[in-house]
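What follows is each chain in one-letter form.
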Amino acid sequence: MPRQTLAEFTIESLQVLDEDGRVDAALEPALEPDELLRLYRGMSRARELDQRMLKLQRQGRIGTFGPCIGQEAVSTAAALAMRPDDWFIGSFRELGGRLMRGEPMVNTLHFHNGWEEGNVLPPEVGRRMLPLTIIVGSQVPHAAGLGYAAKYRGEDAAVVCFMGDGATSEGDFHEGLNFAAVWQAPVVFISQNNQWAISVPREKQTHSRTLAQKGIAYDMPCLQIDGNDALACYVAVSEALARARAGGGPTFIEAVTYRLMMHTTADDPRKYRDEAQEQEWWRKEPLLRFRQYLTGKKLWNDKQEEALLAELRAEVDTAVKAFEETAAWPPDRPFEHVFATMHPALAQQRQEFLAHVKEEADA
Amino acid sequence: MPKLTMVQAINLALREEMARDEQVVLLGEDIGVDGGVFRVTDGLLDQFGPGRVMDTPLAESAILGSAIGMALAGLRPVAEMQFSGFSYLMFHQWEGNATRYRSRTQGQHTCPLVVRMPYGGGVRALEHHSESREAVYAHVPGGKVVMPSGPRNARALLLSAIRDPDPVIFMEPKHSYRSFREEVPEAEEVQPLGQAHVVQAGDDLTVVGWGAMMRPLLKAAEEIKTADGPSLEIIDLLTISPLDSATICASVRKTGRCVIVQEAPRSFSVASEIIARINDDALLYLEAPVRRLAGYDVVTPYFGREKNYIAPVPRIVRAMRETLAY
């Protein structure tokens, strides 16, 4: 048999809204004005909360957290494209999507202040949204299993699973994509390529020309999108979800964006990257261009912007107030949630623990 | 009552539970068409179909990782690690996710799943096929570790493990897979997790074992009883974690002497933990130091010399005599 080409692959990229807010009319999704405004509001809520949390962290009022500033478009647009029964599996820069799915801001604050209680969401919200994943990439196989379960039960639900660019180097990423593809599970994998995994830049992270092409290894449809373009995110996720629901299996989306802030508040990017690069990406950030788009459509003006910001500030104020006024939770709750039923040795340890705590408080 | 091998008894438990609850699904390497490399899942693919008996790609982390997703969605996955020696490829999913979802979400999301894995030596296998590392898993809060010792309790424990609301590591002594048969009741029999089994009551010495070591331990007990005549209380742990220290300590308070027989290396082990529990709850009743008859702190040797490394009957007899005579 002669040497011949067995397969050839191409990688598409998608941008609907350019950096100046100009829309490609042929690609523009048919979103109603109220949905467009919901999307903008969703991204703005995340921005407002992130900015407040930065201040709170610097004042010692919450703990270390990873800001999502500059990456609001991806998860917020994905959440808009999702149905309530779809699973939302986050990494740790999906604040926009989490809020859009109904996570109360007060939960976000409790989580980032070191309380598991922050992860306990109102039942209708938490039913199909998992907490942040700290172990990079370990959520990817979970998504394959959740998708398998949906398919097994004949549910119409799909799974949207986020990760970063660094996660695509992890074994779990490849194992999870492979499982989802073998099972043709209804999963949309989205890598938010924000160019930096703490201090390691994208070009050192992988030799692959695109992250999107990593989906080709598992023969799943893949696409690179402008991750700061909320409309491209919405289009890509909607298409992938429709394919997943129709039995077409998983999709891998690389959303190119940029981490405008530090990895977490414990990190200082000055040590490893140039401010000029950050400035360049500030010009391409997602809220700015979406505002220009809405303004062009006569759906938005400065007055509305001012009113929205005032409203969101008030919403965040209320959340921070509720957060700071929450009475301390009992110290021994971790004992209750090791197993469904506490075993005797643990019950004994809990008594010892409570006695110590009381004694130390009285001293 | 039919007499079954452990392989057959585990197969029976899986079959029963899959017939009872259609949320139970199996996944692992070679478990479908091949019926598993030890044939534990033989025939289940034919009976329940490929949607419930999945031959997965070769990736331990995604086997547990996807099982976690299934469990979060309400299924009851039973995953197989082909050998416990390969399970470290999924260890971060166990330590980082399976055992933590309950506490992470204070019970909003849980992972009721079972990971079955053959463990232990004595089968002349390649490297990584002979270890006994229950302590590694028992050290992790939020997960249970179960180790049957015979066909009958393997069946009864596996039913409980699958029904348990929390993740369970189910370590099967591969040396006992086919080495003997036991009568296994046709009617459903369930052994609750977290309860040790007092195999034989006695007054002079408590002997604690589990898994594959129960067979030589029982033979040693028989020998010493015939020759020396002491009355031994024999405890089969069955569940390693959570440990049934009440049963152990009650026995030691009665006998004042204890020998623990384990296949695993001695240091930082289950035997060490048992001694710590006795120290907490029965120290003043002791007539002799508690004896750990364990493996050695060496990398599990290749099978050419492994038989010297797993305590044979005479070594167990000797440890019992020394503790009785102390």
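Residues numbered from 1 in each chain as written. Chains lettered and ligands numbered in written order. Predicted model: local features only at pLDDT ≥ 70, side-chain atom pairs only at ≥ 80, totals over all residues.

Draft legend 1. Structural context of the packing of helix α6 (residues 139–152) of chain A against helix α3 (residues 60–72) of chain B. Relative to each other, α6(A) and α3(B) sit at 50°, their axes nearing to 6 Å. Classified by the interaxial angle, the pair formed by α6(A) and α3(B) is oblique. Like other packed secondary-structure pairs, α6(A) and α3(B) cross with a definite hand, here right-handed. Across the interface between the two elements, A:P141, A:H142, A:A143, A:A144, A:G145, A:L146, A:Y148 and A:A149 of α6(A) pack against B:S61, B:A62, B:G65, B:S66, B:A67, B:I68, B:G69, B:M70 and B:L72 of α3(B). Class assignment of the residues belonging to the contact of α6(A) with α3(B) gives a composition of eleven nonpolar, six polar and no charged. (Axes fitted to C-alpha atoms, helices over the stretch in contact; angles between N-to-C directions. Helix = DSSP H or I, 4+ residues; strand = E, 2+ residues; numbered from the N terminus. Parallel < 35°, antiparallel > 145°, perpendicular 65-115°, else oblique. Left-handed = near helix turned anticlockwise from the far one by under 90°. Contact = placed C-beta atoms within 7 Å. Nonpolar A, V, L, I, M, F, W, Y, C, P; charged D, E, K, R; others polar.)

Draft legend 2. Layout of the nonpolar core. Counting 193 residues, the largest nonpolar core has A:A77, A:V160, A:V187, A:V188, A:C233 and A:V237 as its most contacted members. In terms of residue count, helix α9 (residues 230–245) of chain A provides more of this core than any other element does, eleven residues in total. (Core = buried A, V, L, I, M, F, W, Y, C linked by C-beta atoms within 7 Å. Buried ≥ 20, exposed ≤ 12 C-beta atoms within 10 Å, placed from the backbone.)

Draft legend 3. Layout of the sheet that holds strand β6 (residues 144–146) of chain B. Residues and elements named next belong to chain B. Here we have seven strands laid out as an open sheet, ordered β3-β2-β4-β5-β7-β6-β12, and mixed in their pairing. Looking at which strands have only one partner, the edges of the open sheet turn out to be β3 (53–55) and β12 (239–241). Each strand of the sheet is rotated relative to its neighbour by a mean of 20°, with strand direction disregarded. Against the sheet, helix α7 (residues 151–163) engages β2 (24–28), β4 (76–80), β5 (114–119), β6 and β7 (168–173), with an angle of about 165° to β7. (Pairing = 2+ DSSP bridges.)

Draft legend 4. Looking closely at the interface of chain A and chain B. Facing the 36 residues of chain A at the interface are 37 residues of chain B. Among the elements of the structure, α6, α7 (171–183), α13 (333–336) and α14 (344–362) of chain A are those that each provide at least two residues to the side of chain A that touches chain B. Of all the elements, α6(A) adds the most residues to the side of chain A that touches chain B, at ten residues. Residues belonging to the side of chain A that touches chain B are distributed by class as follows: 21 nonpolar, ten polar and five charged.

Draft legend 5. Up close: the domain arrangement of chain A. Taken domain by domain, chain A consists of domain 1 (12–329) and domain 2 (331–363). For domain 1 of chain A versus domain 2 of chain A, the separation of C-alpha centres amounts to 38 Å. (Domains from an automatic or database assignment.)

Draft legend 6. Focus on the environment of B:L157. Residue and element names in this part refer to chain B. Mapping L157 onto the fold places it in helix α7. C-beta crowding within 10 Å serves as the criterion here: with 26 such atoms nearby, L157 is assigned to the buried category. Distance from L157 to V290, taken between C-alpha atoms, is 28 Å for residues 133 residues apart in sequence. Aside from chain neighbours lying at most four places away, what touches L157 is V146, P148, Q191 and L238.

Draft legend 7. Expanded view of the domain arrangement of chain B. All names here are of chain B. For chain B, the assigned domains are domain 1 (3–183) and domain 2 (197–325). Between the C-alpha centres of domain 1 and domain 2 there is a distance of 26 Å. Taken together, the contacts link 25 residues of domain 1 with 24 residues of domain 2. Going through the elements one at a time, α6 (134–138), β6, α7 and β7 are the ones with two or more residues in the side of domain 1 that touches domain 2. Grouping the constituent residues of the side of domain 1 that touches domain 2 by class yields ten nonpolar, nine polar and six charged.

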